[in-house]
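Breakdown of the fold
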Amino acid sequence: MPEPLRCTGSMDSRELRFSRAMIFAIEEINNSTELLPGIKLGYQICDSCASVPVAVHVAFQLSSGVDPVFYTGNNCSQSGMVMAVVGESGSTPSISMSRIIGSFKIPQVSHFATCACLSDKQQYPTFFRTIPSDQFQADALAKLVKHFGWTWIGAVRSDSDYGNNGMASFLAAAHKEGICVEYSESFYRTHPRSRIQRVADVIRRSTAMVVLAFTSSGDLRILLEELSLKPSPPRQWIGSESWVTDPDMLRFSFCAGAIGVGIEKSVIPGLRDFLLDLSPSKVAASPVLTEFWEDAFNCRLRKSAATDENVCDGTEDILTIQTPYTDTSQLRITNMVYKAVYAIAHAIHNAVCQEANSTTKCNKFNRMKSKEVLTQLRKVNFSKNGYDVSFDANGDPVAKYELVNWQKTESGRIELVTVGHYDASLPAGQEFSINRKLTWVEGGTQVPVSVCTDSCPPGTRKVLQKGKPICCYDCVPCPEGEISNVTDSPDCFPCPKEFWPNAERDTCLPKPVEFLSFSEILGIILVVFSVGGACLTIITAAVFYRHRKSPIVRANNSELSFLLLLSLTLCFLCSLTFIGPPSEWSCMLRHTAFGITFVLCMSCVLGKTIVVLMAFKATLPGNNVMKWFGPPQQRMTVVFFTFIQVLICTIWLVLSPPFPMTNLTTYKERIILQCALGSAIGFWAVLGYIGLLAVFCFVLAVLARKLPDNFNEAKLITFSMLIFCAVWITFIPAYVSSPGKFTVAVEIFAILASSFGLILCIFAPKCFIILFQPEKNTKKHLMNKN
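Residues numbered from 1 in each chain as written. Predicted model: local features only at pLDDT ≥ 70, side-chain atom pairs only at ≥ 80, totals over all residues. Heavy atoms only, no water.

With that out of the way, let us pick up the side chain of Thr569. You can see Thr569 is positioned in helix H16 (residues 558–574). For Thr569, a relative accessible area of 12% puts it in the buried group. Residues within four places of Thr569 in sequence aside, it is in contact with Ala534, Thr537 and Ile538. (Helix = DSSP H or I, 4+ residues; strand = E, 2+ residues; numbered from the N terminus. Buried < 20%, exposed > 50% of the residue type's maximum accessible area, 1.4 Å probe, protein only. Contact = heavy atoms within 4.5 Å.)

See the structure below:
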């Protein structure tokens, strides 16, 4: 035969208070004229010794009704028939008991078994509780951790149904809140010390500042005692209601600042006087009270014959000691026992009593069965001492918690302070209300930080570290053109087309607009050269006009020379239309003005070249060619060639004219304002026609280059055309490859360079003779072919 079950270890005076509270409630009900009038409730209290085998043994005794205690009294109408069971305090013993007594339809109302698994009515159809399920507590703890910004925590749990199921619920809730758990260790009070030491070492070595303990107070006490043996880095403890409101745990001063959820504090009138009403005779009549008394006062009520022990002398006063039994300042779980007893009493009342003419009559001889109590227990809904009692379909009450904080007083003693509330029935985001200042680990007033990686600032994004939880990541700057404007952003997003990120890449700023401006250095330089070239041309025209009757001016076809100077002036000035912000009119004007003025210029040069050739041909005997290319024909030639360009430009403007546009592609970080060509064919047709005239003029000039020097402009024209063609041949690749405003600058440079080439090559030598060598400005000198 196996050895009989025996209790070991010291007494839990808190559990003793629970059992005494049950007696107090039953005596209140038995003395009540409103609840079960004329009916007395009987009871039996069994000590499970926090042992599942003992709890199972008791459950079988209660179910079979063979316990001899039930037959000692003669006042019971039906001895041995158990109507309901209050208990157990632990989830694992409650599960074992519920599986047994549930088969007999005996309802069980627990005051402290919080495992969410007990809400499964398929497995535990007769189980009820007055304390909320761990599912609500796990959600509350996860939201509490999230509320204070902790994303990297450690977790320890009791290796029991309470701890394992509670932690599983918490981890699921924490995952939804984005909380990562560095470690999750389990242990039990009966495990070898080496296992407890290993868990303690894990806590010491961890990087998580916050430790959440989903344990019973008895289990955690063993772990904290181990941690107290060797100094540990400061840790912020988060507690489940099983231990965080246990007054006996407050002696662990290194846990000061602990925060957790607890059952709401309550007041039970008369309970304190009942608990303290312990006379020596009452104590001696109860083995349990005797053990409590002897442990509390370190004496023996009866002297043992075998030993010489300290005998209690009768002067012991329970008011002089501080134990969890006598501490009624924060009745939490005790009130759950009180409500459980009243819930059963109301269920029995509803089954056997009837209201008639404002009076209540109860049938005390009714042979009631436990399943009737079970049916009525599902329907109970009452208030006692201001606290509502009811059960939902899963046998659970409405989940309400207090937020409690371990705060150190000025005297150095740790006390339990209520700092807020949690109500699961409120809308999401409104469950928590914190109304007092909290203190943290080591008495700090600032919320401790517990993260695997510091938050990524705006301008960066999170990149998870390979093989690590989602809370461990690297902060990578946003790529070019993208920003993130919130902390811990998982992604960067691109700015709109007209915007570009700032240097920190946390906001989008309007892109700077770029165009060739009159106010910038490059624009100023080009304006100076443009205006300078126009002025130089005007001065040249003035010099020629002043000496218009001199041989050198008359010999160089003064009419075409003045027309050429006019066209060169327009060429210099038309470059100004390329500077400044593009508009619809400026885009059309700049290209057409440039094309027409340059053709006018080329036409004049071509006319002068033809005149040179014709003049020398006319000197041959019998050659009368100059009559076919006199001044009228020269004017008509200029007008004809210019008209063709005007026609090309007109067709271009009518079919697809240039227009202003914003270029967002050349540079990502800025906007370029430029003139779109409209029709590339039109643009290259204008340039091609100018080039055609330049080549034609160049060919004629080359043919005339060997004519007599003094009267021949052909060499000057040849050199000027050589420069002109070189500039514009170079212009084409430079124009195509230059980005942004430099495209416009290249075009202006080509206009100015070719214009300066013409005026300097054709007119500079003549002006030099007119102004500085007047002796050469004679007909005799010009006619001298030597």
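Here the focus is the environment of Ala347. Note that Ala347 resides in helix H12 (residues 333–352). As for Ala347 and Arg378, which are separated by 31 residues in sequence, their C-alpha atoms are 8.3 Å apart. When sequence neighbours within four positions are dropped, the list of residues in contact with Ala347 reads Val373, Gln376, Leu377 and Val380.

Take the side chain of Asn405 next. Mapped onto the secondary structure, Asn405 falls in strand E13 (residues 400–408). A distance of 2.9 Å separates the side chain of Asn405 from the backbone oxygen of Ala258, its partner in a polar contact. For Asn405, the contacting residues outside a window of four places in its chain are Gly257, Ala258, Ile259, Glu415, Leu416, Val417, Val419, Leu438 and Thr439. (Polar contact = N/O pair within 3.5 Å; in protein donor to acceptor, adjacent residues only side chain to side chain.)

Turning to the state of the cysteines, a few remarks are in order. Per the stated rule, a full pass over the model turns up nine disulfides. One disulfide bridge connects Cys495 with Cys508, the sulfur atoms lying 1.9 Å from each other. Taking the torsion about the sulfur-sulfur bond, which here is approximately -90°, the covalent link between Cys495 and Cys508 counts as left-handed. Linking Cys495 in the loop between strand E19 (493–494) and strand E20 (499–501) with Cys508 in strand E21 (residues 508–510), this pair joins segments that are 13 residues apart in sequence. On the basis of relative accessibility, which here comes to 13%, the residue Cys495 falls in the buried class. Just so you know, Cys601 is unpaired, no disulfide at all, and the nearest cysteine sulfur is the one on Cys571, 4.9 Å from it. Not part of a disulfide, Cys604 finds its nearest cysteine sulfur in Cys601, a span of 6.8 Å. (Disulfide = S-S within 2.5 Å.)

The next point concerns the sheet that holds strand E1 (residues 85–86). Within a beta sheet, neighbouring strands are joined by backbone hydrogen bonds and run either parallel or antiparallel to one another. The three strands lie next to each other as E1-E2-E3, forming an open sheet whose pairing is parallel. The sheet is open, and its two edges are formed by E1 and strand E3 (127–129), each paired on a single side. The pairing of E1 with strand E2 (residues 108–110) spans two bridges and is parallel. Opposite Val85, over in E2, you have Gln108 as the bridge partner. Packing against the sheet, helix H3 (residues 91–101) makes contact with E1, E2 and E3, and its axis sits at approximately 165° to E2. (Pairing = 2+ DSSP bridges. Axes fitted to C-alpha atoms, helices over the stretch in contact; angles between N-to-C directions.)

On inspection of all chains with the given rule, the structure shows 24 aromatic pairs. Summarising the aromatic geometry, the rings of Phe544 and Phe763 are spaced 5.4 Å apart at their centres and angled 75° between planes, so their arrangement reads as edge-to-face. With Phe544 in helix H14 (residues 521–546) and Phe763 in helix H21 (residues 741–772), the pair connects residues that are 219 residues apart, well separated along the chain. Phe763 shares its class with Phe544; the two are buried. An aromatic cluster is defined as three or more aromatic residues linked by ring pairs; in this entry it consists of Phe24, Phe274, Tyr338 and Tyr342. The ring of Tyr188 carries Arg189 above its face, with NZ or CZ at 5.2 Å from the centroid. The ring of Tyr667 is capped by Arg670, whose NZ or CZ atom sits 3.6 Å from the centre of that ring. (Phe/Tyr/Trp six-rings, centres within 6.5 Å; stacked < 30°, edge-to-face > 60°. Lys NZ or Arg CZ within 6 Å of the ring centre and 35° of its normal.)

All we've got here are geometric facts, nothing functional implied.
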